[in-house]
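# Observations on chain architecture
Residues per chain, in single letters:
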Amino acid sequence: MTQNYKIRKLDKKQKRCEAIIQKDCDIVASKEEPTKYVALLNAGLSTGLTEELVLETAEKYGHIKRLLMLPSKSYCFLECADVSDAVSIVNNMHGLATIGQNQSVVYLSYFKELPEEENSSWVKQLPSGLIVINEFVTEMEECELLNALEIDNVSIDAALKHRRVKHFGYEFLYDINNVNPQQPLDRNIPSECNFMWKRLENMCEKDGLSFEWKEPNQLTVNSYEAGQGIPPHVDTHSAFLDPILSLSLEGDVVMEFRKGLERCSVFLPRRSLLIMSGESRYDWTHGITPRIMDVVLTTNGNLSTKKRSKRTSLTFRKLRNGQCSCKYPTLCDSQLMKKSLATTDHIGSDKAALLEELNVHNVYDTIAEHFSETRHSQWPRVTEFLKSFHQSSILLDVGCGNGKYLNSTPDLLKIGCDRSNGLLKLCKSLQYNIFRCDCLHVPVRSNSVDGCISIAVIHHLATADRRLSAIKELVRILRPSGRGLIYVWAKNQIADNKKSSYLRQNKSINKNKTTEDELRQQTQRQMDEKAKEAPVTLPVHSNRTTFQQQDVLVPWKVKAPQNEQNGEKPTFLRYYHVFEENELDVLLHGIPEVQILNSYYDQGNHCCIFEKVKLTID
């Protein structure tokens, strides 16, 4: 291959990519002269690159003010400090440099401007109430603190991504971002930390700041190796007062703050104190992305990369006595609970039972056989929960359906109950231990079973009071230290940019040359007519699509012989209340005997594992 041929081939690729960018972003390449705006034409988020990888390569040749990486695009943009930096980067990288695991050669072009869309988290103002105090402690004080905490003597916790974690005052429960105020630890916050509170108070007075507490009573120490992180979260509103403090020792890190689509990257230097108060504490999530290198902003305003090292963080909190009444309701568990239990249900209590009778119980009796054919595989995390019980434990499956979980873990005594006669007949034919009841009134003695599960049941109850009552029944029948597992449908069927299996089963339809849209509209009209039979006016959900409302009727089409009903499949509408994130947790938090052990998302479901605790009487 001759050198001229290589150049022609590269020019062809370059022009093709420039045309794509012009079409996508409405900007044009600069052919006349270099500019400080450079596009990496074949390197972007969709090719598996990160900000760190791009900057680590490009900053070798010039200073960079801004990096713009657009979602799902195979290109990205650099704004260089000046034109000479851009020329150096292009001359050293175009057709020569490789980035990423696939080691593809990149090619670059100058552009007259950058796209208007701006996703750089480094040009954002800090969230309101977020303060970083550099060099809050000295090197000597850092050493004294580390010696007092003795974090290196703690065993690595596999459940916490192999971090070392140590708690003082109260144990911070990571599964629920909360503490149990009834169980204080014998280990209090070391006295070596006391000097910080007067120092912080003096700084606050000088800057006119005031907080809800002056000294903490809970401390969590995390030791992070390079590459480790924590998922985005908000410390539970009702658990802790304002603010939350985080002291960084031994190493630096970048912490990501998110609020909806807003994102802000905050650099936390070694020996700095982070104060999260007000909006930043209550209305923004914070987390640390697992990676070995961070993008940082230098003192002269350029972007650069910085490799991580070991870091120890000290998170100080003060327990709250009572409910939170902040002005940030979207992430406030106290206000979500109040909203959940308020009389805002548009389904009245007088019609709730009738709706469940007609659009849940009667439907499942009718579709039982066909429904059972589609429900044969056990969900791995439910099976894992069942296997966690000791031999001969008593387990009750409330809403057992066709009994698919009664056919596992033979060393347990498993009993199932359901409202549907049709489904119970299938269980009886398989000789399972079953009985018929309503999940709101389970005829089982209190404090009598070791474990219980409620899989895809509670979302069929039509008011918040009835959903809470069903959960209380599960708690009632559990013995102290018994454990339960609840699964409910999630309103949001996409997590970590991945669709649930429910959405992935959406298939295109094209019947008798009728367009998909026309057929969908025709089907929707038929369902809307059928929905008028329900005792409450509710929208009909379009199957395998994103939920638009929480209370919906979901169609179920059963098999029908071709010689019946003109070959059309009869359709039934089932009532569902699909749960918002944290809604199930909020219901459980309202029951004093409940301690949430794990709250997670699993294939389109919100799930909670909880334990019944013995209440202490003061």
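Everything that follows concerns the structure shown earlier in this document.
Residues numbered from 1 in each chain as written. Predicted model: local features only at pLDDT ≥ 70, side-chain atom pairs only at ≥ 80, totals over all residues. Heavy atoms only, no water.

### A few points about the overall build of the chain
In terms of helices and strands, the chain carries 14 helices and 30 strands. Counting over 618 residues, the chain shows a buried share of 51%. Intrachain contacts of the chain at a sequence separation of at least 6 include 70% that bridge at least 24 residues. (Helix = DSSP H or I, 4+ residues; strand = E, 2+ residues; numbered from the N terminus. Buried < 20%, exposed > 50% of the residue type's maximum accessible area, 1.4 Å probe, protein only. Contact = heavy atoms within 4.5 Å.)

### Brief notes about the pairing of strand S6 (residues 108-111)
Going residue by residue along S6, you find Leu108 and Tyr110 tucked away on one face and Ser109 and Phe111 tucked away on the opposite face as well. Relative to S6, strand S1 (residues 37-40) runs antiparallel, the two sharing four bridges. Counterpart to Val38 in the pairing with S6 is Tyr110. (Pairing = 2+ DSSP bridges.)

### Describing the sheet that holds strand S23 (residues 449-455)
Sheets are built from strands that pair by backbone hydrogen bonding, the pairs being arranged parallel or antiparallel. Here seven strands make up an open sheet; going across it, the order is S22-S21-S20-S23-S24-S30-S29 and the pairing mixed. Two strands bound the open sheet, and with one partner strand each, they are strand S22 (434-436) and strand S29 (594-602). Within the sheet, the average angular offset between the axes of one strand and its neighbour, ignoring direction, is 15°. Of the pairings in the sheet, the one linking strand S21 (residues 413-418) to S22 comprises three bridges and is parallel in character. (Axes fitted to C-alpha atoms, helices over the stretch in contact; angles between N-to-C directions.)

### Examining the sheet that holds strand S13 (residues 253-259)
One open sheet holds the four strands; their spatial order is S11-S16-S13-S14, and the pairing between them is antiparallel. Sheet topology places strand S11 (230-233) and strand S14 (262-268) at the edges, where each strand pairs with a single neighbour. Each neighbouring strand pair of the sheet contributes to a mean axis angle of 20°, computed without reference to strand direction. Relative to strand S16 (residues 285-288), S13 runs antiparallel, the two being bridged by three bridges. By the bridge assignment, Phe257 is partnered in S16 with His286.

### Remarks on the side chain of Thr35
Tracing the backbone through its elements, the reader meets Thr35 in the loop between helix H1 (3-25) and S1. Exposure remark for Thr35: the relative accessible area of 14% places this residue in the buried category. Side-chain polar atoms of Thr35 contact the backbone oxygen of Phe111, separated by 2.6 Å. Leaving out residues up to four positions away in the same chain, Thr35 has contacts with Ser30, Val83, Ala86, Tyr110, Phe111 and Lys112. (Polar contact = N/O pair within 3.5 Å; in protein donor to acceptor, adjacent residues only side chain to side chain.)

### A short note on the nonpolar core
Ranked by size, the top nonpolar core spans 33 residues in total, and within it Ile458, Ile471, Ile486, Leu584, Leu588 and Phe610 carry the most contacts. If you list the elements that add at least two residues to this core, you get strand S20 (394-398), S23, helix H11 (464-477), strand S24 (478-489), helix H14 (583-589), S29 and strand S30 (605-612). Apart from residues lying up to four places away in sequence, Ile486 is in contact with Ser454, Ile458, Ile471, Leu474, Leu584, Leu588, His606, Cys607, Cys608 and Phe610. Counting residues in hydrophobic clusters, the runner-up holds 29 residues, among them Val363, Tyr364, Val536 and Val554. (Core = buried A, V, L, I, M, F, W, Y, C linked by side-chain atoms within 4.5 Å.)

### Regarding unusual backbone geometry
The residue after Asp242, namely Pro243, is reached through a cis peptide bond having omega 15°. If you check the backbone angles, Glu135 has positive phi at about 50° while not being a glycine. On the basis of relative accessible area, Glu135 is assigned to the exposed category, the value being 59%. Its identity is not glycine, yet Ala456 carries a phi of approximately 60°, on the positive side. Looking at the secondary structure, you find Ala456 in the loop between S23 and H11. Judged by its relative accessible area of 29%, Ala456 falls in the partly exposed class.

### Considering the state of the cysteines
Enumeration according to the criterion identifies zero disulfides in this entry. In this structure Cys400 is not part of a disulfide, and its nearest cysteine sulfur, from Cys427, lies 4.2 Å away. (Disulfide = S-S within 2.5 Å.)

### Some thoughts on empty space enclosed by the protein
What the rule picks out here adds up to one cavity of 30 Å³ or more. For the largest cavity, the calculated volume is near 50 Å³. Tyr224, Glu225, Ala226, Gln228, Asp252, Val253, Ile288, Arg308, Ser309 and Arg311 are the residues that line the largest cavity. Grouping the amino acids of the lining of the largest cavity by side-chain chemistry returns four nonpolar, two polar and four charged. (1 Å grid on protein atoms, 1.4 Å probe; cavity = no way out; pocket = protein on both sides within 12 Å on 5 of 7 lines; lining within 4 Å. Points joined across faces, edges and corners; volume = space filled by probe spheres on them. Nonpolar A, V, L, I, M, F, W, Y, C, P; charged D, E, K, R; others polar.)

### Focus: the pattern of salt bridges
Summed over all chains, the structure comprises 23 salt bridges. When the shortest N-O distance is used, the salt bridge between Glu201 and Lys198 registers 4.0 Å. In this pair, Glu201 and Lys198 both sit in helix H5 (residues 195-207), three residues apart, roughly one turn of the helix. Residue class for Glu201 comes out partly exposed when judged on its relative accessible area of 21%. The salt bridge partner of Glu256 is Arg263, with a shortest N-O separation of 3.6 Å. Since its relative accessible area comes to 7%, Glu256 is described here as buried. Through salt bridges that share partners, Glu52, Glu256, Arg263, Arg291, Asp294 and Arg308 make up one connected network. (Salt bridge = Lys/Arg side-chain N within 4 Å of Asp/Glu carboxyl O.)

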